[in-house]
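One letter stands for each residue in the lines below.
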Amino acid sequence: MAETLMYNALRQAIDEEMARDEAVFVLGEDVGHYGGSYKVTKDLYKKYGDLRVLDTPIAENSFTGIAVGAAMTGLRPIIEGMNMGFLLLAFNQIANNAGMLRYTSGGNFKIPMVIRGPGGVGRQLGAEHSQRLEAYFHAVPGLKIVACSTAYNAKGLLKAAIRDNNPVLFFEHVLLYNLKDNLPDNEYIVPLDKAEIVRRGKDVTLLTYSRMRHHCTQALKQLEKEGYDPEIIDLIALKPFDLETIGESIRKTHRVIIVEECMKTGGIAAELIALINEHFFDDLDAPVVRLSSQDIPTPYNGMLERMTIIQPHQIVEAVKEIMA
């Protein structure tokens, strides 16, 4: 076991998969000689050359289209979005091309590609650099969506995503890159379609993902002091959801709070609530509660920015209220 920062865990995953399979390559803005905006691809160009770690112009729609075409011919591109918000410029290529070509070609083409990069509310990055795109792409058929939350699952998930024969949107949080975790020396894979039970409990199910996993674990300290026993589940798989794990927890706790950094309107929690009511309504003893970010552009001001997203004390208050 070796202690590793999350951005290095992601780099290890890319390095190992590029060494394993010559079809894997990286492209994006500043991924080569600069090493990526958060150093996930640092020095990989020295090992694999400029054609497998390809610096692109500032043209997201163009290089995403190139990646789709490369995937159609059997290559396995990894796109790095310098900031995931920029990939809105490639929405057509991701949705109409990457997501649908396997179907519209009658199965003649597979689209094995990964679209990864930083997103989420950072430390005063402003509205356009604080996007949470998971809800934007959630309705697009043909895409798999995952969100890593620790160095351990980041590496295992990215390796699984690179090997998958479908387009995978891989969300990393800008504030989690320096998280440390002990990684095994041997190779491991984390499934793209499984949630992780972070803590088992019997009182209430906390469904969360990405950075909010850590807000839930912070809230846990206070909740345990006050005698509450919550179960915390890191969704990881945002499309498709792991309804089996979610359902098992609901049948035990009968109460659900969803904690997300996504916007409230049309967010991940909105879809989850619909599915929970559809599949597990009879197991609920209380309406599902969602704790989501406010539906406003993220302010630059640090205090206002903090007020737009859910904080640990709000999770504690929600647990108390649903258990009352």
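What you see is a predicted model, and the numbers here were worked out from it, not measured in a lab.

### Overview of the domain arrangement of the protein chain
Under the domain assignment used here, the protein chain contains domain 1 (4-181) and domain 2 (196-323). When each unit is reduced to the centre of its C-alpha atoms, the spacing between domain 1 and domain 2 is 27 Å. Facing 31 residues of domain 1, the contacting portion of domain 2 comprises 27 residues. Interface of domain 1 and domain 2: buried area, both sides summed, is about 2,300 Å²; carbon and sulfur atoms make up 58% of it. Here domain 1 is connected to domain 2 by 19 residue pairs in polar contact (both at pLDDT 80 or more). Every element with two or more residues in the side of domain 1 that touches domain 2 is listed here: helix 6 (134-137), strand 6 (144-147) and helix 7 (151-163). At four residues, the largest contribution of residues to the side of domain 1 that touches domain 2 is made by strand 6. Grouping the amino acids of the side of domain 1 that touches domain 2 by side-chain chemistry returns 17 nonpolar, 10 polar and four charged.

### Considering the packing of aromatic side chains
The geometry of two aromatic rings is summed up by the distance between their centres and the angle between their planes. Summed over all chains, the structure comprises three aromatic pairs. On the basis of an interplanar angle of 20° and a centroid distance of 4.8 Å, the ring pair of Y38 and Y177 is categorised as stacked. Of this pair, Y38 sits in the loop between strand 2 (24-28) and helix 2 (44-48) while Y177 sits in the loop between strand 7 (168-173) and strand 8 (180-183), placing them 139 residues apart in sequence. Taking the relative accessible area as the measure of exposure, Y38 reaches 28% and is therefore partly exposed. Between F91 and F137, the ring centres sit 4.8 Å apart and the planes meet at 15°, which makes this aromatic pair stacked. With a gap of 46 residues between them, F91 in helix 4 (residues 91-98) and F137 in helix 6 connect regions that are remote in the sequence. Taking relative accessible area as the criterion, F137 reaches 2% and is therefore assigned buried.

### With respect to the sheet that holds strand 3 (residues 53-55)
The sheet built from seven strands is open, its strands ordered 3-2-4-5-7-6-12 with mixed pairing. At either margin of the open sheet sits one strand with a lone partner, and together these are strand 3 and strand 12 (237-239). This sheet shows a mean twist of 20° between the axes of neighbouring strands, independent of strand direction.

### Let's talk about the environment of L27
If you trace the backbone, L27 turns up in strand 2. Given the relative accessible area of 0%, L27 is considered buried. Between the alpha carbons of L27 and L54 there is a distance of 4.6 Å; along the sequence they are 27 residues apart. Among residues more than four places away in sequence, those in contact with L27 are L54, T56, F63, I66, A67, P77, I78, I79 and E80.

Procedures and definitions
- Residues numbered from 1 in each chain as written.
- Predicted model: local features only at pLDDT ≥ 70, side-chain atom pairs only at ≥ 80, totals over all residues.
- Heavy atoms only, no water.
- Domains from an automatic or database assignment.
- Contact = heavy atoms within 4.5 Å.
- Buried area = accessible area lost by both parts, 1.4 Å probe.
- Polar contact = N/O pair within 3.5 Å; in protein donor to acceptor, adjacent residues only side chain to side chain.
- Helix = DSSP H or I, 4+ residues; strand = E, 2+ residues; numbered from the N terminus.
- Nonpolar A, V, L, I, M, F, W, Y, C, P; charged D, E, K, R; others polar.
- Phe/Tyr/Trp six-rings, centres within 6.5 Å; stacked < 30°, edge-to-face > 60°.
- Buried < 20%, exposed > 50% of the residue type's maximum accessible area, 1.4 Å probe, protein only.
- Pairing = 2+ DSSP bridges.
- Axes fitted to C-alpha atoms, helices over the stretch in contact; angles between N-to-C directions.

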